[in-house]
There are 2 protein chains.
Amino acid sequence: MKEQLKLENQLCFRLYTASRLITQAYHPYLTKIGLTYPQYLVMMVLWEQDGQPVNDIARRLYLETNTVTPLLKRMEAEDFITRKKGKDDGRKVIVSLTPKGKALEEQASCIPFEMSGAVACRSITEETAPELYRTMDDLIETLSRSLLP
Amino acid sequence: MKEQLKLENQLCFRLYTASRLITQAYHPYLTKIGLTYPQYLVMMVLWEQDGQPVNDIARRLYLETNTVTPLLKRMEAEDFITRKKGKDDGRKVIVSLTPKGKALEEQASCIPFEMSGAVACRSITEETAPELYRTMDDLIETLSRSLLP
DNA sequence: TATATTTGCATCGTGAACGATATAATTATC
DNA sequence: GATAATTATATCGTTCACGATGCAAATATA
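Residues numbered from 1 in each chain as written. Chains lettered and ligands numbered in written order. Predicted model: local features only at pLDDT ≥ 70, side-chain atom pairs only at ≥ 80, totals over all residues. Heavy atoms only, no water.

Trainee: An account of the protein's contact with DNA strand C is needed here, citing residue identities and associated values.
Mentor: In the region of DNA strand C, 25 residues are neighbours, and Y16, Q24, T69, K73 and R83 of chain A sit closest. Sugar plus phosphate: this is where 73% of the atoms of DNA strand C within 4 Å of the protein reside. Interatomic distance of 2.5 Å between a side-chain N/O atom of Q24 of chain A and a phosphate oxygen of DNA strand C. Take T69 of chain A: an N or O atom from its side chain is 2.4 Å from a phosphate oxygen of DNA strand C. For the surface near DNA strand C, the elements supplying multiple residues, two or more each, are α1 (11-32), α3 (54-60) and α4 (65-77) of chain A together with α2 (37-48) and α4 (65-77) of chain B. Here the surface near DNA strand C is composed, by residue class, of 7 nonpolar, 10 polar and 8 charged. (Near = heavy atom within 4 Å. Polar contact = N/O pair within 3.5 Å; in protein donor to acceptor, adjacent residues only side chain to side chain. Helix = DSSP H or I, 4+ residues; strand = E, 2+ residues; numbered from the N terminus. Nonpolar A, V, L, I, M, F, W, Y, C, P; charged D, E, K, R; others polar.)

Trainee: Describe the pattern of salt bridges, and please don't skip the residues or the numbers.
Mentor: In total, this model carries 19 salt bridges over all chains according to the counting rule given. Its salt-bridge partner being K2 of chain B, residue E106 of chain A comes within 3.1 Å of it at the nearest N-O pair. In this pair, E106 of chain A sits in helix α5 (residues 99-108) while K2 of chain B sits in the segment before α1 (11-32), so the two residues belong to two different chains. The exposed category is assigned to E106 of chain A, whose relative accessible area is 53%. Assessed through its relative accessible area of 24%, K2 of chain B is described here as partly exposed. For E3 of chain B, the salt bridge goes to K6 of chain B, with nearest N and O atoms at 3.3 Å. Relative accessible area serves as the criterion here: at 44%, E3 of chain B is assigned to the partly exposed category. Of the residues examined, K6 of chain B reaches a relative accessible area of 22% and is grouped as partly exposed. (Salt bridge = Lys/Arg side-chain N within 4 Å of Asp/Glu carboxyl O. Buried < 20%, exposed > 50% of the residue type's maximum accessible area, 1.4 Å probe, protein only.)

Structure, rendered in structure tokens:
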């Protein structure tokens, strides 16, 4: 058995598992307000700045537009957002919040606090979190640069 | 704009993004040997111990059996594994490596070394990695316990 | 100003994930 | 030993992810 092929030595497996499990932990809270986790991410992007083209939203989330487009269509069908052709540039599709989408921010505002209970563990505290965030951000930047065309 | 709803304050978004990007980084290496990333995880479980029931594989990967079953069927179609009913317990399906599946371990053995280049960044070194792994393991255990029925 | 290239988004196909549900085999209870 | 409860896996439907490809609008080049 090759040591380097053991699960316990894989960073990726840990990230993959932690990501799935924490997303599962969000599920009951997000279901209440009618969102999936990726849709919640899109809403956070729009709550920060309303009226953005598809491309900007995708880049912010490190996703491809072919992932975001169908996601946005479902969100439009649920009346959380609108999609309109840009006036200056006819290729762009500008995504904006509906009143329902704007109102959702208030309902969602408690979720981060409710979630903090689920991830409360010895290793992640007020003191250690910033260091962990920096490590993750560094990793993400390194990976995203190494994946460029 | 609510502070707690900003992307930059989300641990989950970081895990989700890092997981996706690192899996993408694996893609070219795994394609060469005909595996997807989740299939690679299953192979690692079987290389560690051949001949396991579906349930054990799923538990080891923190996945549901309804995710693993179709995954295994595709791997069976590719002749990496076999699926046979258990003799002692007729409900179990025992998953075993084919010769092709066993031979793949040798081909895969270089992947972890090739990948270590992609994640090489200031924040993750020989010294800091064990601490990061412990934090992730702690988080995963906390989450998996909080998600129990 | 024609033509070529680039850009922004969409469509399609495949492979996960997972909740809900079904089915068959085993075990427990009466 | 018949019935109920449990366990192991599978099926189904919906929603991502993403590579490959298509198309139309905008820009660059000849």
